[in-house]
Amino acid sequence: RGEFGALGHGDVRDRALPRPLEAVRGMVPADGACGTGHTLLLTDDGDVLAWGWNTKGQCGVPPCDAVPTPTLIGPLLGAGVRGVACGAAHSLAVTARGGVLSWGLGGSGQLGHGDLGSSEVPRPIAGLASEAVQGIACGFGHTVALTTAGALFSWGWNRDGQLGLGDTENRPSPCRLGGVPACRYVACGGAHSAVVSTAGELHTFGLNTCGQAGVAPDGSPRVLRPHRVGGLREAGVIVALAACGEEYTVVLSDAQDVLS
């Protein structure tokens with residue numbers, strides 16, 4: 001789908017076949033992320049480019065309907081970015097020093113700045129200033145951060161318990177997540193989250209209407225606190241990585257088996 005210039009080719013045409021992005025030819029990609037209609041690309045030089053839907057400033061440039069070609073995010077120059085993530089209409093970057101910056105739509109508190117305001121300019125998240133973050137993941141309107149010590153922080157939209165804090169109240173600032181051992185990987189779906197512990201166990205929380213949390217239905221469509229997905233370790237599965245779609249979850253084991 002090419003609406004709002006989401007494919008970065010300078011127009012709004014849909015395309016069925018892959019086509020090279022001329023604007024980034026010669027650059028070496030280090031990381032990338034996609035939101036509902038925008039994309040972030042991190043190069044090995046630490047530059048971040050964005051394109052696509054931008055009505056909320058999620059591309060890091062002044063709000064406009066579309067950014068049709070990859071555009072450098074000026075405020076991130078020299079920030080030492082080493083990872084990026086996208087929600088539906090918000091964006092985040094992690095620096096080599098473990099800092100986190102966010103920008104875009106903030107109506108559910110997903111920017112983590114303590115309010116519900118949106119921002120076209122990347123801003124450091126003050127609530128994580130004393131932490132060294134190594135990884136981040138975004139759902140539609142929520143974010144989960146993983147520190148180098150294995151701790152988890154979550155904030156933003158929480159209607160379905162996707163923050164894992166035991167309730168359904170939105171949080172505009174990072175909250176430390178309890179009830180889960182030290183972790184090494186984090187992933188988010190539309191309204192659910194999945195984290196992998198250092199012991200290789202999968203813990204999930206959030207919406208479970210389609211079984212995406214890996215928990216048998218018990219009358220509740222939500223898992224409000226981190227829950228260890230049973231059956232994996234019992235079957236000898238040691239989880240290495242997890243990934244989430246809107247309403248499903250996939251894991252990769254240390255033996256390179258894939259389960260979903």
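Structure shown above.
What counts and what doesn't
- Residues numbered from 1 in each chain as written.
- Predicted model: local features only at pLDDT ≥ 70, side-chain atom pairs only at ≥ 80, totals over all residues.
- Heavy atoms only, no water.
- Helix = DSSP H or I, 4+ residues; strand = E, 2+ residues; numbered from the N terminus.
- Contact = heavy atoms within 4.5 Å.
- Areas by Shrake-Rupley, 256 points an atom, 1.4 Å probe, with all protein chains shown as cover.
- Lys, Arg positive; Asp, Glu negative; His and termini not counted.
- Charge placed at Lys NZ, Arg CZ, Asp CG, Glu CD.
- Pairing = 2+ DSSP bridges.
- Axes fitted to C-alpha atoms, helices over the stretch in contact; angles between N-to-C directions.
- Core = buried A, V, L, I, M, F, W, Y, C linked by side-chain atoms within 4.5 Å.
- Buried < 20%, exposed > 50% of the residue type's maximum accessible area, 1.4 Å probe, protein only.
- Phe/Tyr/Trp six-rings, centres within 6.5 Å; stacked < 30°, edge-to-face > 60°.
- Salt bridge = Lys/Arg side-chain N within 4 Å of Asp/Glu carboxyl O.

Student: Explain the overall build of the protein residue by residue, including any values.
Tutor: Across its full length, the protein holds 0 helices and 19 strands. Each principal axis of the C-alpha atoms in the protein carries an extent, and together these give about 50 × 40 × 35 Å. Taking the intrachain contacts of the protein between residues at least 6 apart in sequence as the baseline, contacts between residues at least 24 apart amount to 45%. Of the accessible surface of the protein, which amounts to about 11400 Å², a share of 53% is contributed by carbon and sulfur atoms. On the protein, the mean spot of the 17 positive side-chain charges and the mean spot of the 22 negative ones are 2 Å from each other.

Student: Help me get a handle on the sheet that holds strand E16 (residues 222–228), residues and values and all.
Tutor: Strand pairing within a sheet occurs via backbone hydrogen bonds; the two strands may be parallel or antiparallel. Judged by pairing direction, the sheet is antiparallel, and its 4 strands sit side by side in the order E13-E14-E15-E16 without closing on themselves. Because the sheet does not close on itself, it has two edges, and the strands there are strand E13 (183–188) and E16. The mean inter-strand angle of the sheet, taken between neighbouring strand axes irrespective of direction, is 10°.

Student: Tell me what's going on with the sheet that holds strand E3 (residues 48–53), and back it up with residues and numbers.
Tutor: The antiparallel open sheet is built from 4 strands, whose spatial order is E1-E2-E3-E4. Strands at the two margins of the open sheet, each flanked by one partner only, are strand E1 (29–34) and strand E4 (66–72). Adjacent strand axes in the sheet meet at a mean angle of 10°, parallel and antiparallel pairs treated alike. Of the strand pairs in this sheet, E1 and strand E2 (residues 38–43) are connected by 5 bridges, and their pairing is antiparallel. Bridge pairing in E2 places Ala 33 opposite Leu 40.

Student: Please give an account of the nonpolar core that cites residues and values.
Tutor: Counting 20 residues, the largest nonpolar core has Leu 40, Val 48, Ile 73, Leu 76, Val 81, Val 84 and Trp 103 as the members making the most contacts within it. At the level of secondary structure, the elements contributing two or more residues to this core comprise E2, E3, strand E5 (81–86) and strand E7 (100–104). The dominant element in this core, judged by the number of residues it contributes, is E3, at 4 residues. Excluding residues within four positions of it along the chain, Val 81 makes contact with Leu 42, Gly 46, Val 48, Leu 76, Ala 93, Val 94 and Thr 95.

Student: Residues and numbers for unusual backbone geometry, please.
Tutor: The backbone phi angle of Phe 4 is positive, close to 65°, even though this residue is not glycine. For Phe 4, the location among the structural elements is in the segment before E1. Overall, Phe 4 belongs to the partly exposed group, its relative accessible area being 28%. The phi dihedral of Gln 256 falls on the positive side, at around 65°, and the residue is not glycine. As for its placement among the helices and strands, Gln 256 is situated in the loop between strand E18 (249–253) and strand E19 (258–259). Overall, the relative accessible area of 66% leaves Gln 256 in the exposed class.

Student: A description of the packing of aromatic side chains should follow, citing residues and the corresponding values.
Tutor: Counting across every chain of the model gives 1 aromatic pair. Residues Phe 4 and Trp 53 carry aromatic rings whose centres are separated by 6.2 Å and whose planes lie at 35° to one another, so their mutual orientation is tilted. On the criterion of sequence distance, the pair formed by Phe 4 in the segment before E1 and Trp 53 in strand E3 is long-range, its members being 49 residues apart.

Student: Please provide a residue-by-residue account of the pattern of salt bridges, values included.
Tutor: Enumeration according to the criterion identifies 7 salt bridges in this entry. Between Glu 22 and Arg 25 there is a salt bridge, with the nearest N and O atoms lying 2.7 Å from each other. In this structure, Asp 160 engages Arg 222 in a salt bridge whose closest nitrogen and oxygen atoms are separated by 3.0 Å. Of this pair, Asp 160 sits in the loop between strand E11 (152–156) and strand E12 (171–176) while Arg 222 sits in strand E16, placing them 62 residues apart in sequence. A relative accessible area of 3% places Asp 160 in the buried class. A relative accessible area of 34% places Arg 222 in the partly exposed class. Salt bridges linked by common partners bring Arg 159, Asp 160 and Arg 222 together as one network.

Student: So what's going on with the environment of Ala 66? Residues and values would help.
Tutor: The topology assignment puts Ala 66 in strand E4. Judged by its relative accessible area of 29%, Ala 66 is partly exposed. Ignoring anything within four residues of it in the chain, the contact list for Ala 66 reads Phe 4, Gly 5 and Gly 52.

Student: Residues and numbers for the environment of Leu 101, please.
Tutor: Within the fold, Leu 101 resides in strand E7. Contacts of Leu 101, omitting those with residues within four sequence positions, involve Leu 76, Ser 91, Leu 92, Ala 93, Thr 95, Pro 122, Arg 123 and Pro 124.

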